[in-house]
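Take a look at the letters that make up each chain.
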Amino acid sequence: MDNLSKFCTCKDLKCPLHPSNHNKGCAPCIAKNLKQKEIPSCFFNVAQPSKTGRGYSFEDFAQAVMSRGKDNS
């Protein structure tokens, strides 16, 4: 777990790209997400932590951010 950044919120420890499973930090995850035009789950964990079953597209993230204020009212 020494490879985790102090700000890491990813809870998917089984993911082969999780920083705890190699010594390359967040770079492999970020690269995969950029290639697939997705946002890493750690961003979703901050924007809408209780949301499950979502996709990880840019649009899904934008929707999570936009609905965040509605959920906190």
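Residues numbered from 1 in each chain as written. Predicted model: local features only at pLDDT ≥ 70, side-chain atom pairs only at ≥ 80, totals over all residues. Heavy atoms only, no water.

Of note in this structure, Lys37 is not a glycine but carries a positive phi near 55°. Examined against the element boundaries, Lys37 turns out to sit in the loop between helix H1 (27-35) and helix H2 (41-47). The exposure class of Lys37 is exposed, given its relative accessible area of 58%. (Helix = DSSP H or I, 4+ residues; strand = E, 2+ residues; numbered from the N terminus. Buried < 20%, exposed > 50% of the residue type's maximum accessible area, 1.4 Å probe, protein only.)

As a further point, take the confidence of the model for the protein. Looking at the protein, pLDDT values average 84 and 85% of them are 70 or higher. Per-element confidence in the protein is highest for H1, whose mean pLDDT is 95, and lowest for helix H3 (residues 58-71), whose mean pLDDT is 82. (pLDDT = per-residue confidence, 0-100.)

To continue, consider the nonpolar core. Counting five residues, the largest nonpolar core consists of Ile39, Phe44, Ala47, Phe61 and Ala64. At the level of secondary structure, the elements contributing two or more residues to this core comprise H2 and H3. Apart from residues lying up to four places away in sequence, Phe61 is in contact with Ile39, Phe43, Phe44 and Ala47. (Core = buried A, V, L, I, M, F, W, Y, C linked by side-chain atoms within 4.5 Å. Contact = heavy atoms within 4.5 Å.)

Residue position: Ser5 is located in the segment before H1. In this structure the C-alpha to C-alpha distance between Ser5 and Cys26, which are 21 residues apart in sequence, comes to 8.2 Å.

A few words on the environment of Gly25. Its place among the elements puts Gly25 in the segment before H1. Residues Gly25 and Ser5 lie 20 residues apart in sequence; the distance between their C-alpha atoms is 7.6 Å.

All right, on to the environment of Cys29 then. Position of Cys29 relative to the elements: it lies in helix H1. Residues Cys29 and Ile39, ten residues apart in the sequence, show an inter-C-alpha distance of 9.7 Å. Discounting residues that sit within four places of it in the chain, Cys29 has contacts with Leu17 and Pro40.

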